[in-house]
Amino acid sequence: MAVWIQAQQLQGDALHQMQSLYGQHFPIEVRHYLSQWIEGQLWDAIDLENPQEEFKAKRLLDSLIQELQNKAEHQMGEDGFLLKIKLGHYASQLKSTYDRCPLELVRCIRHILYTEQRLVREATNSSSPLGGMMDTMSQKYQQINQAFEELRLLTQDTENDLRKLQHNQEYFIIQYQESLRIQAQLSSLATLPPADRQLREPTLLSKRSTVEAWLTREANTLQKYRLDLAEKHQKTLQLLRKQQTIILDDELIQWKRRQQLAGNGGPPEGGLDILQSWCEKLAETIWQNRQQIRRAEHLRQQLPIPGPIEELLSELNSTITDIISALVTSTFIIEKQPPQVLKTQTKFAATVRLLVGGKLNVHMNPTQVKATIISEQQAKALLKNENTRNESSGEILNNNCVMEYHQTTGTLSAHFRNMSLKRIKRSDRRGAESVTEEKFTILFESQFSIGGNELVFQVKTLSLPVVVIVHGSQDNNATATVLWDNAFAEPGRVPFLVPDKVLWPQLCDAINMKYKAEVQSNRGLSEENLVFLAQKAFSSSSNNPDDYRNMTMTWSQFNRESLPGRSFTFWQWFDGVMELTKKHLKSHWNDGAILGFVNKQQAQDMLMSKPNGTFLLRFSDSEIGGITIAWVAENPNKAGERMVWNLMPYTAKDFSIRSLADRISDLNHLLFLYPDRPKDEVFSKHYTPPLSKAVDGYVKPQIKQVVPEFTTANPDPASGNPTYMDHASPAPVNHAHTYNIYPPMSDSILDADGDFDLDDTMDVARHVEELLRRPVESQWSSQQS
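Now for a quick tour of the structure. (Residues numbered from 1 in each chain as written. Predicted model: local features only at pLDDT ≥ 70, side-chain atom pairs only at ≥ 80, totals over all residues. Heavy atoms only, no water.)

1. Some details on the packing of helix 9 (residues 194–262) against helix 10 (residues 273–302)
Next, step 1: Axis separation between helix 9 and helix 10 bottoms out at 10 Å; the angle between their running directions is 160 degrees. As far as their axial angle goes, helix 10 and helix 9 are roughly antiparallel. The crossing of helix 9 and helix 10 is left-handed. (Axes fitted to C-alpha atoms, helices over the stretch in contact; angles between N-to-C directions. Helix = DSSP H or I, 4+ residues; strand = E, 2+ residues; numbered from the N terminus. Parallel < 35°, antiparallel > 145°, perpendicular 65-115°, else oblique. Left-handed = near helix turned anticlockwise from the far one by under 90°.)

Right under this line is the structure:
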């Protein structure tokens, strides 16, 4: 059901909240008459922090105005005439409001739609007959809203009591003035003749006695009222503290944790609209109670009555100030984190936001936010409230920004759009720690005043850990540091401590999350894939997943120590696979065409049971960011014997020349993708279309993948016994310098089992590949010399 249809069915406070979303900035009539069009647009597809997206926003604004004008033109009849005028007026009004800032229109409508969806969702959950079946999140939201309702009633109750106290105190003061007047009259009797004094004195004495007795009783009553009011305020503040703890220490901390995991590719942390609405309700309730306590204090000063109330009010005032201080300082947050791998001399952005800024009118005084980069040690000192003497660990350009208030969404935020880290000052590193393991953080700080400078707060917030690099070659290792920190950091930790070792299943969750995000795929790492990775990580041969569940992996094993017999770490190998898949193999991975995480022996075992021409794709075990094709075919040296061949790994450089699908298409001896899918059925949709005809007499050259030993032009799999090799006319060239293949022949480079020893020949293979890529002229001239 459309959101607007459901929104119109809201009742009570929810309906009031929905109606308050609209006004001159966006009339509710526009929402009503264009509801279907509005809900059909991709408002979320526009990045509000990117000025270059303004063109898209402008097109949406123009379309909105055009839709309004079309709607106006089609109105008929007497009522239609008035509506036609009204809709035309709204079209002009919106154009005037947003023509120079179309991104604000997008921000406004997104806020409206998000809030409506939340109100509808909350109303649906609360009215559902399956209340006991509501999910945990809905129950939690309901509890928070119930607590706010209780706070509202308590605050209204103390407001009524305060007014009653004020009224009684004012009447008490009037009676007290009356007692003073009577006393003055009694004093003046001394000047009268005795007869007159005796006549008037008894009446005045009686009246004075009555008034003084009333004053004594009323003073005790006022004192009781004051104590009762203070006790009610104590109860309110206890509930306020509890509610604030739930929102700030639970919900906001969880949002920050989701934000951190989103840095590893986890689901988006979610918007801040609900959190802001809660924080604003807290701010409003806290401020109302603070004003009540101050008024109670003022009444006490007007009429001092001996008793414990002075101490109680002082304690209440101190408590409410602590509560509002915690709220303001905790809700100064980073809405959009700076990049966690930060390259010097490169532009980057970040956004900070004060969730209670609009409600406390902080925007009435323009506030600046300053960004500074500090080291891990400086961050520790900062959180211990040690004097850091405004030290920094580098210089950030464009690091000051004014907080702006967005009327349509009620948000107060500062958008740092063009920051750049000019230089970095590194600290002495510990042991084997490299520069890509050193963590920094961006410190954002500002000063807010509320209540007409009545309260002034120094606020600070730290970004997620940042690793600073100066060259792209450091990105791989820096990403490993960030991944480990984001995945395994614990709430409330000392900056920026993380465990040195974690359980293997925990690491699997982290790298699977990262892999799916980088490759942008719903197809993550299967249990078989993870077993393969465990075998690689722990140099194990076990195929049983349970054998790895209680094993731990240290940071050193992850990205400090090289894998046995290799020159790279576990992470460097895995990251190479991700990069290759993300840039060149994403569609094939999503299609399930790439098995990938299979070792050489497993590939051989799988293929030997299949018909000749069956092949599979696996990631190279020996090269970072490489993928190889393994296939089963006849052994040219032994008639009737079959063997598995392995093509030398392709890398990103190869695929920038010719795609994987085209290379597979070129190789006619590859017939079936494991287990039995015809290759064209899997890869044909990715083939490059044939070249166009010659233009101006020139014929375009083509690059083709060739494996000389497999030169049969069009093998026919239906013939029953296809031929994959041309035995009659072997190529009259040196195979070792021509084939991009592991040669399956008796040779010194084969081990005792007849397998290709990649470690011993990789240098030769790279040399061969380099020779093949050189222009023919240069090879010839070098041979001549």
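2. Some details on the sheet that holds strand 10 (residues 455–462)
Next, step 1: Ordered by their spatial adjacency, 4 strands build an open sheet running 6-4-9-10, and the pairing between neighbours is antiparallel. The open sheet has two edge strands, strand 6 (400–402) and strand 10, and neither has a second partner. For this sheet the average axis-to-axis angle between neighbouring strands, irrespective of direction, equals 25 degrees.
Next, step 2: The pairing of strand 9 (residues 440–450) with strand 10 spans 8 bridges and is antiparallel. If you follow Gln 447 over to strand 10, its bridge partner there is Gln 458. (Pairing = 2+ DSSP bridges.)

3. Some details on the pairing of strand 14 (residues 614–619)
Next, step 1: The buried fraction of strand 14 amounts to 6 of the 6 residues, a majority that puts the element mostly inside the structure.
Next, step 2: Of the two faces of strand 14, the one carrying Thr 614, Leu 616 and Arg 618 and the one carrying Phe 615, Leu 617 and Phe 619 are both buried.
Next, step 3: Relative to strand 17 (residues 672–673), strand 14 runs parallel, the two being bridged by 2 bridges. Bridge assignment links Phe 615 to a residue of strand 17, and that residue is Leu 673.
Next, step 4: With 5 bridges joining them, strand 14 and strand 15 (residues 627–634) adopt antiparallel strand pairing. By the bridge assignment, Arg 618 is partnered in strand 15 with Thr 628. (Buried < 20%, exposed > 50% of the residue type's maximum accessible area, 1.4 Å probe, protein only.)

4. What to know about unusual backbone geometry
Next, step 1: Here Pro 495 and Phe 496 are connected by a cis peptide whose omega angle stands at -20 degrees.
Next, step 2: In this structure, Phe 496 sits in the loop between helix 13 (475–488) and strand 12 (501–503).
Next, step 3: Cis peptide bonds are those with omega within 30 degrees of zero, and the linkage from Tyr 674 to Pro 675 qualifies with 5 degrees.
Next, step 4: Following the sequence through the fold, Pro 675 ends up in the loop between strand 17 and strand 18 (677–678).
Next, step 5: Non-glycine residue Gln 520 carries a positive phi angle of around 55 degrees.
Next, step 6: As for its placement among the helices and strands, Gln 520 is situated in the loop between helix 14 (504–519) and helix 15 (527–538).
Next, step 7: Even without being a glycine, Ser 539 presents a positive backbone phi close to 50 degrees.
Next, step 8: Assignment of secondary structure puts Ser 539 in the loop between helix 15 and strand 13 (552–554).

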